[in-house]
Amino acid sequence: MATVNGDRVAASEAGDEPNLSIVQPNPDNCFRIMLATDNHIGYAEKDPIRGQDAINTFKEILEIARDAEVDFILLAGDLFHENRPSRTCMHQTIALLREYTLGDKPIGFELLSDPYDGSAPGFSFPAVNYEDPNLNIAIPVFSIHGNHDDPQGTGPEGALCALDVLSVSGVLNYFGKVDLAPDEAVPDDGTDKGIRIKPILLRKGTTNLALYGVGNVKDARMHYELRSNRVKMYMPEGGDVAEDDWFNILLIHQNRVKHGPQQSVPEGMFDDAIRLVVWGHEHDCRITPEKVEGKDYWISQPGSSVATSLAPGEAIPKHVGIMSIQGSQFQIAEIPLKTVRPFEMDEVILSYAAEQGALSLDDKDSITEYLKKEVERLIQQAKVNWKERNPDPDAKMMLPLIRLKVETTDAKEMTNPVRFGQLFVDQVANPRDILQYYRKKKPTERKVKNNPDLPDEEEEEWDENDAALLTTNDRLAKLRMANLVKQYLQAQNLEVLVENGMEDAVMRFVEKDDKDAIKDFVSDTLKMVGRDMRTKEVDEEDVEDHMLQAKQHAASQYAEARPVPKEKPKKGKSRQKDSDEDSMLAEDDNQMDLDSDGSIQQSKGTARGKGKAASAKGKGKKPLFDHASDSEEEEEEEEEEVVPAPKKRGAASTASSARKPAAKPATRAPARKAPAKASSSGRGMQQSQLTFSKGGKASKPIELSDSD
């Protein structure tokens with residue numbers, strides 16, 4: 001860690017130990033990029049105290065970017081907290097982006113990829129806003145979507161999200177959108193399926209930058225796509241830029257820490273050709289680049305810019321970063337955010353405090369007085385930390401967030417946490433949930449099962465009569481709507497609808513406000529069952545049996561496309577106490593299982609260009625990627641094990657076929673499905689790495705390979 005102009009700087013050259021700074025910085029060849037993620041604009045917007053926290057911090061981020069004169073802003077998902085932001089939220093966001101990102105400042109870099117790639121179909125304006133001659137962009141903003149603002153809906157325009165609205169408004173560049181059909185489990189018929197990732201190619205002087213983005217995909221679905229070798233990433237080819245001269249940045253918004261067998265993306269799955277991974281979704285601020293063991297790339301996790309839960313990860317001081325990239329070197333200057341609401345948390349064990357003589361476990365008043373002093377201490381600590389981060393004497397401190405976890409195992413009686421919070425109404429921002437009570441479960445007691453309000457815990461368990469000790473917010477946080485829906489559907493004995501699909505549709509209706517989710521699911525299921533029934537001659541007395549078979553067939557297809565994680569036997573005791581799905585957990589990232597065999601497939605894409613006249617700000621450069629049709633010729637090779645014969649889509653070839661000569665600059669790199677090698681033991685394989693194809697000037701897709 002170094003200090004440059006008063007800012008903490010973490011710098012590195014890919015593959016080496018971190019350096020103190022970029023050697024011989026040259027502004028004409030150096031990208032300056034603002035890094036941020038998980039802004040969660042609109043979080044608690046109806047709260048009279050915390051309602052403007054997210055939008056105020058987003059405004060501060062834009063001000064930092066403008067004052068630092070960055071080339072562009074890079075966001076790694078969850079710009080909005082709600083899937084359908086309110087009109088007030090959208091109005092404020094568009095107004096801020098227009099205020100701080102439009103202007104006469106010239107764009108100091110050029111676009112090498114096709115500006116129309118990803119543009120709205122049926123319209124003439126490009127997808128990259130600063131290439132539009134009708135707009136005057138000073139600081140472009142590039143963003144992928146997260147799990148909170150992901151695309152939803154099945155209208156004529158397809159699934160849309162709030163970022164699509166900002167994109168067509170011209171204030172933001174939305175990339176990394178993945179269009180996955182709902183019936184991916186059907187056999188491959190030669191059409192493009194799976195995840196396609198094409199980069200945005202930028203150049204500033206002698207520095208060449210490739211931005212790869214993958215918006216959030218449900219973890220189980222992402223695992224299925226990886227397991228099925230259907231993730232394709234394109235690499236630039238042709239032109240005057242060598243393969244090794246590209247600085248490749250990958251933006252993802254997935255679980256970094258494992259929450260289940262199929263609920264994360266391992267850190268070590270990316271190839272060394274990627275120089276930096278910007279990780280969204282996790283709220284802990286770990287923006288300092290971290291070297292992945294055994295790999296040559298780094299991971300930067302900016303974390304959230306607003307606390308959305310009272311969890312330990314949210315208490316870490318929040319920063320954004322200004323990343324400088326020159327050639328193969330990069331460094332990140334960490335900028336602390338001053339508009340973030342102070343947050344302090346601590347934990348007390350009443351039995352230990354009683355041993356020290358600070359209270360009596362039989363006296364409720366003494367316990368209350370002790371907890372009051374602890375909260376006052378946290379408030380004073382928040383004030384001290386605020387003054388350290390805000391030396392300006394005129395700066396007015398916001399009311400802090402305070403969380404005190406209290407272990408109450410041996411206490412006879414506890415004060416009501418809501419009533420306790422009334423003592424600090426004008427001193428803290430969250431008076432209703434300052435205290436969080438919990439008790440350690442005794443080894444001889446049996447844990448409450450099938451209680452969705454109090455989910456099973458391992459290390460520290462709530463007794464059945466402890467629910468009254470929970471605050472209202474804590475009870476709602478522990479309430480699992482998915483459990484309620486699943487239990488209800490299992491008790492209904494559905495004859496046609498698939499329970500897992502119905503559960504998913506209900507959860508989309510509840511969480512994403514997708515009003516058509518249930519209707520679309522029922523309609524699609526009925527159509528599929530109807531087609532299956534019409535292909536058979538069914539007697540009236542056998543209708544029920546055939547309907548059951550059709551349902552089982554639909555359930556198997558749904559299970560393949562949306563696999564349910566298998567629960568592993570519990571061996572130890574490790575569980576996060578706070579209910580916060582976005583915060584990091586201290587678990588190891590294990591590799592994901594690969595239980596299906598594939599075949600080596602290769603494809604070629606044809607190119608057709610969309611010309612654009614040159615204009616100001618370096619626009620209209622000849623792209624390396626054209627808006628080409630996605631027709632591909634894919635090659636397949638049988639594995640040693642017996643697998644169902646796939647449909648032929650092109651001439652067969654082997655993986656060791658000769659490489660093709662360099663293509664023209666205006667051709668698009670084709671994609672190749674990754675090989676899935678047969679295991680020598682015949683058992684399931686493990687998905688281990690997302691790799692670039694190497695060597696020569698032939699088309700270079702990124703492929704998925706298997707571990708040894």
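Scoring rules and cut-offs
- Residues numbered from 1 in each chain as written.
- Predicted model: local features only at pLDDT ≥ 70, side-chain atom pairs only at ≥ 80, totals over all residues.
- Heavy atoms only, no water.
- Axes fitted to C-alpha atoms, helices over the stretch in contact; angles between N-to-C directions.
- Helix = DSSP H or I, 4+ residues; strand = E, 2+ residues; numbered from the N terminus.
- Parallel < 35°, antiparallel > 145°, perpendicular 65-115°, else oblique.
- Left-handed = near helix turned anticlockwise from the far one by under 90°.
- Contact = heavy atoms within 4.5 Å.
- Nonpolar A, V, L, I, M, F, W, Y, C, P; charged D, E, K, R; others polar.
- Core = buried A, V, L, I, M, F, W, Y, C linked by side-chain atoms within 4.5 Å.
- Buried < 20%, exposed > 50% of the residue type's maximum accessible area, 1.4 Å probe, protein only.
- UniProt positions renumbered as here; feature names shortened; annotations may be inferred.
- Pairing = 2+ DSSP bridges.

### Remarks on the packing of helix 2 (residues 87-101) against helix 3 (residues 162-169)
Now for step 1: Running from N to C, helix 2 and helix 3 point in directions that differ by 40°, and their axes come no closer than 12 Å. Taken together, the axis directions place helix 2 and helix 3 in an arrangement best described as oblique. The two elements helix 2 and helix 3 meet at a crossing, and its hand is right-handed. Where helix 2 abuts helix 3, its residues Met90, Thr93, Ile94 and Leu97 lie against Ala162, Val165 and Leu166.
Now for step 2: Among the residues making up the contact of helix 2 with helix 3, the classes are represented as 6 nonpolar, 1 polar and no charged.

### What to know about the nonpolar core
Now for step 1: Ranked by size, the top nonpolar core spans 34 residues in total, and within it Met34, Ile73, Leu79, Phe80, Leu166 and Leu172 carry the most contacts.
Now for step 2: It is helix 1 (residues 53-68) that contributes the most residues to this core, 6 residues altogether.
Now for step 3: Dropping the residues within four chain positions of it, leucine 166 is found in contact with Leu79, Phe80, Met90, Thr93, Ile94, Leu97, Val171 and Leu172.
Now for step 4: Phe72, Leu74, Phe247 and Leu276 belong to the second-largest nonpolar core, a separate cluster that totals 31 residues.

### Quick notes on the UniProt feature "active site" (unreviewed entry) in the protein chain
Now for step 1: Per the UniProt entry, the sites bearing "active site" (unreviewed entry) are His148 in this numbering.
Now for step 2: Within the secondary structure, histidine 148 sits in the loop between strand 6 (141-143) and strand 7 (152-155).
Now for step 3: For histidine 148, a relative accessible area of 18% gives the class buried.

### Let's talk about the pairing of strand 18 (residues 319-326)
Two faces belong to every sheet, and in a regular strand the side chains alternate between them.
Now for step 1: Counting buried positions over the 8 residues of strand 18 gives 8, a clear majority of the element.
Now for step 2: Relative to strand 18, strand 3 (residues 31-36) runs antiparallel, the two sharing 5 bridges. Bridge pairing in strand 18 links isoleucine 33 to methionine 323.
Now for step 3: The pairing of strand 18 with strand 19 (residues 329-336) spans 8 bridges and is antiparallel. By the bridge assignment for strand 19, isoleucine 325 is matched with phenylalanine 330.

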